[in-house]
Amino acid sequence: MMRESTVFGPIFSRRLGSSLGINLLPEKGKICNFDCVYCECGWNKDGLLDTRLPSADDVRKALAAKLEACREAGTPIDSITFSGDGEPTLNPDFPEIIDLTLELRDLYYPSAKVSVLSNATCAGKPEVFEALLKVDNPILKLDAPTDEQVALVNRPVGHYHVADVVEALSRFKGQFVLQTMFLRGPGWESAQWVDGWMEIVRKLRPREVMVYTIDRETPMKGLGKYTVEEMRALVQPLIDEGITIQIKG
Ligand code: SF4
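Residues numbered from 1 in each chain as written. Predicted model: local features only at pLDDT ≥ 70, side-chain atom pairs only at ≥ 80, totals over all residues.

### What to know about the overall build of the chain
A count of helical and extended segments in the chain gives seven helices and ten strands. A globule of 249 residues ought to have a C-alpha radius of gyration of about 18 Å, and the chain, at 18 Å, matches this closely. Along the first, second and third principal axes, the C-alpha atoms of the chain reach 50 × 40 × 35 Å. Summarising the internal contacts of the chain: among those between residues at least 6 apart in sequence, 71% fall at separations of at least 24. (Helix = DSSP H or I, 4+ residues; strand = E, 2+ residues; numbered from the N terminus. Rg over C-alpha atoms; globule rule 2.2 N^0.38 Å. Contact = placed C-beta atoms within 7 Å.)

### Digging into the sheet that holds strand β1 (residues 7–13)
Within the open sheet, the eight strands sit side by side as β1-β2-β3-β4-β5-β6-β9-β10. Their pairing is mixed. Only two strands of the sheet have a single partner each, and these edge strands are β1 and β10 (245–248). Along the sheet, successive strands turn relative to each other by an average axial angle of 25 degrees, direction set aside. In this sheet, strand β6 (residues 177–181) lies alongside strand β5 (residues 137–141) in parallel orientation, the contact comprising three bridges. Along β6, the bridge assignment pairs K141 with Q179. Its contacts with the sheet place helix α1 (residues 56–73) against β1 and β2 (17–22), and it is angled at close to 45 degrees to β1. (Pairing = 2+ DSSP bridges. Axes fitted to C-alpha atoms, helices over the stretch in contact; angles between N-to-C directions.)

### Examining the packing of helix α2 (residues 94–108) against helix α3 (residues 126–134)
Between α2 and α3, the shortest axis-to-axis distance is 9 Å and the interhelical angle comes to 20 degrees. By the angle between their directions, the pair α2 and α3 is classed as roughly parallel. The crossing of α2 and α3 is left-handed. Of the residues in α3, those touching α2 at F94, P95, I98 and L102 are E127, V128, E130, A131 and K134. (Parallel < 35°, antiparallel > 145°, perpendicular 65-115°, else oblique. Left-handed = near helix turned anticlockwise from the far one by under 90°.)

### Observations regarding helix α6 (residues 194–204)
Among all positions in α6, only V194, W197, I200 and V201 are buried. For α6, the angular spread of the buried residues around the axis is 120 degrees, confining them to a single face. In α6, the exposed residues that point more than 90 degrees away from the buried face are D195, E199, R202 and K203. Contact partners of the buried residues in α6: α5 (162–170), β6, β9 (208–212) and α7 (228–240). (Buried ≥ 20, exposed ≤ 12 C-beta atoms within 10 Å, placed from the backbone. Arc of directions from axis to C-beta.)

### Thoughts on the site of the ligand
Lining the immediate surroundings of the ligand are C32, F34, D35, C36, C39, C41, G86, E87, N119 and N154. Residues that form the shell around the ligand fall into these classes: five nonpolar, three polar and two charged. (Near = placed C-beta within 6 Å. Nonpolar A, V, L, I, M, F, W, Y, C, P; charged D, E, K, R; others polar.)

### Examining unusual backbone geometry
Negative phi values dominate among residues other than glycine, just as trans dominates among peptide bonds. In this structure, the amide linkage connecting G9 to the following residue, P10, adopts the cis form with an omega of 5 degrees. Its location among the elements puts P10 in strand β1. Phi is positive for R205, close to 45 degrees, though the residue is something other than glycine. Take R205: it is sitting in the loop between α6 and β9.

### What to know about the nonpolar core
Among the nonpolar cores identified, the biggest contains 58 residues, and I22, A123, L140, L169 and L178 are the most heavily contacted of them. Non-local contacts of L140, meaning those with residues more than four positions away in its chain, are made with S118, A120, A123, L169, F176, L178 and Q179. (Core = buried A, V, L, I, M, F, W, Y, C linked by C-beta atoms within 7 Å.)

The following block contains the structure:
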């Protein structure tokens, strides 16, 4: 189970280079309105130890101190990524935090890219939508094309409709990255709904699609991976239609 401080890293990743992480969720807990079977932070019910969300002021102080220290030490930072223990847009200060992060990025590491990993459930809220449009890479999740299938993989907490999320994503006019997990569960697998998912991708035309599979321990046991070759075969029709797809095994 990941338990990250508000600002963590930088860690080196092949995809993002030297990447600083920002966790807008509690330091010792998890808060999400999904409870995905594959969540690297574990089940929601096991993440209730700490519920204090960092405020905009907390983030400003922690991020400024880290960027200052990294600059003094000559540590490169290629990307600043919101990817904490839960869903970052649930933090009520999210829009203000995006603004201050972009300001600090411009001040300390102007060439670093700011990315947000989100499950897209709040993308329809005007203030969240505006904030996501400002960052370099809004990376938004859609794992399955119907409410029943999403219930199997993402286990939403409370009100959720794929149609609402698709409507919210369509307002980005393609200026986002769509992220989709391919996996095998008990009695179901992503391949079963790939046609419906591809129809949504065609409608949304995201500037990039990232498909990936599980690669760490998951809270639900017995889940199966897809190989890169299997995923490529599934998304080949979209590749042939000119959609940019990154496949991560
Ligand atoms: S949306 Fe992300 S943080 Fe939330 S349960 Fe799913 S994988 Fe975990």
